[in-house]
Amino acid sequence: MSPTSQVYAVICHENRVLLIDQTRLPSEYTVVEISRSQDMAEAIKTMIVRGAPAIGIAAAYGMYLGAREIQTENREEFLKQLEAVAKMLRQTRPTAVNLFWAIARMIRTAYETIGSIPEIQEILLKEAQAIQLEDLQTCQAIGDRGLEILPATPHKLRLLTHCNAGALATAGYGTALGVVRSAWRDGRLERLYADETRPRLQGAKLTTWECVQEGIPVTLITDSMAAHCMKQGMIDAVVVGADRIAANGDTANKIGTYSVAIVAKAHNIPFFVAAPLSTIDFDLATGSEIPIEERDPAEIYQIGNTLISPAGIDYYNPAFDVTPAELITAIITERGAVPPHQLQQFQIKQMA
Ligand code: MRU
């Protein structure tokens, strides 16, 4: 069995839901307790919890907390109020499909459960726990399947990642960082290069923090340095996560991923996307249909409390971009790695 990361972004213990506050890392390790569905929605919106699979898990627990808040013994009324909780949670962040996937699974579970309201509430807790456990196992499988496709090099691998697709962004272990972890465990990794990932700095703050926890050698670079590092022959492959993958393989991930894919192509460096099957949205034919979240411009016009641009200008702050499938060497899933145009085989298996 693969070793698991000891970092858990979401913890459910004796009916209490705890989140590592990712807005405070790496300077402070703080755990916040969430006891109301509304607070879970706020935690997702403000990125106390972030990363596609982690917000799916958080939303699933948000559904459970919401189910517990409903004061009725009438099944129809219960389901109606649960739908309202789902609506509130869906409005938090639009891009990561795992959020909508997890909420849909919780709603389906509620409808399919025959029993009293307390019994449905109990089953919803179990379903959220199942989503979490499955994601942990999925990430470990992604990490190991990734090893099958990483390039063979005369030296140990130097990988580059963008944003944080690690334990903090999932139930544990990570997707892109899961591949890095598995490579490190098997003695195949020399070091990871982490893009800082403007504007929220998930690479600088979170990816490097996770590497430090496990002793994985990591070099932090600014986003603008990736092309230079590739030209210098410092990078063997790129591995990133995903927030939503369209049926044709176009992939939405943290803003800046698209530029990394272009420069990887220009330098003939393989570019891998590591993601669970739950991140593939087969309802969308291409990436142009993926909704892209726009966030508060304050994220780009100030660093900490310091303004870095003059007043009176305009801002544009998309949180994600879409990397076209043709720039992606392969998508690494828990069922193996495939070129983007072969993703459809997983849809057929899911339906079977
Ligand atoms: O805005 P964030 O921090 O939630 O964005 C996270 C990413 O873009 C990750 O790469 C993606 O969610 C994959 S996490 C396994």
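Everything below is about the structure shown above.
Residues numbered from 1 in each chain as written. Predicted model: local features only at pLDDT ≥ 70, side-chain atom pairs only at ≥ 80, totals over all residues. Heavy atoms only, no water.

## Focus on the nonpolar core
Grouped burial of nonpolar side chains is what soluble globular proteins tend to show. Counting 48 residues, the largest nonpolar core has M40, I44, Y61, M63, F78 and L82 as the members making the most contacts within it. Put simply, the parts of the chain that give this core at least two residues each are β1 (10-13), β2 (16-20), α1 (37-45), α2 (52-69), α3 (75-90), α4 (97-112) and α5 (117-147). Residues within four places of M40 in sequence aside, it is in contact with V17, L19, I34, A58, Y61, G62 and L65. (Core = buried A, V, L, I, M, F, W, Y, C linked by side-chain atoms within 4.5 Å. Buried < 20%, exposed > 50% of the residue type's maximum accessible area, 1.4 Å probe, protein only. Helix = DSSP H or I, 4+ residues; strand = E, 2+ residues; numbered from the N terminus. Contact = heavy atoms within 4.5 Å.)

## Notes on unusual backbone geometry
Trans peptide bonds make up the majority, and among non-glycine residues the majority have a negative phi. Residues L25 and P26 are joined by a peptide bond in cis, for which omega reads 0 degrees. Note on placement: P26 falls in the loop between β2 and β3 (31-34). Residue P199 is reached from R198 by a cis peptide bond, and omega for that bond is 0 degrees. Turning to its location among the elements, P199 is positioned in the loop between β5 (189-195) and α7 (202-214). One non-glycine residue, C163, lies in positive phi territory at about 70 degrees. Examined against the element boundaries, C163 turns out to sit in the loop between β4 (157-161) and α6 (176-185). Classification of C163 by relative accessible area gives buried; the value is 7%. Here the phi dihedral of T197 falls at roughly 75 degrees; this positive angle occurs in a residue that is not glycine. By secondary structure assignment, the location of T197 is in the loop between β5 and α7. Look at T197 and you get buried, because its relative accessible area is 0%.

What is shown is where atoms sit, not what they do.
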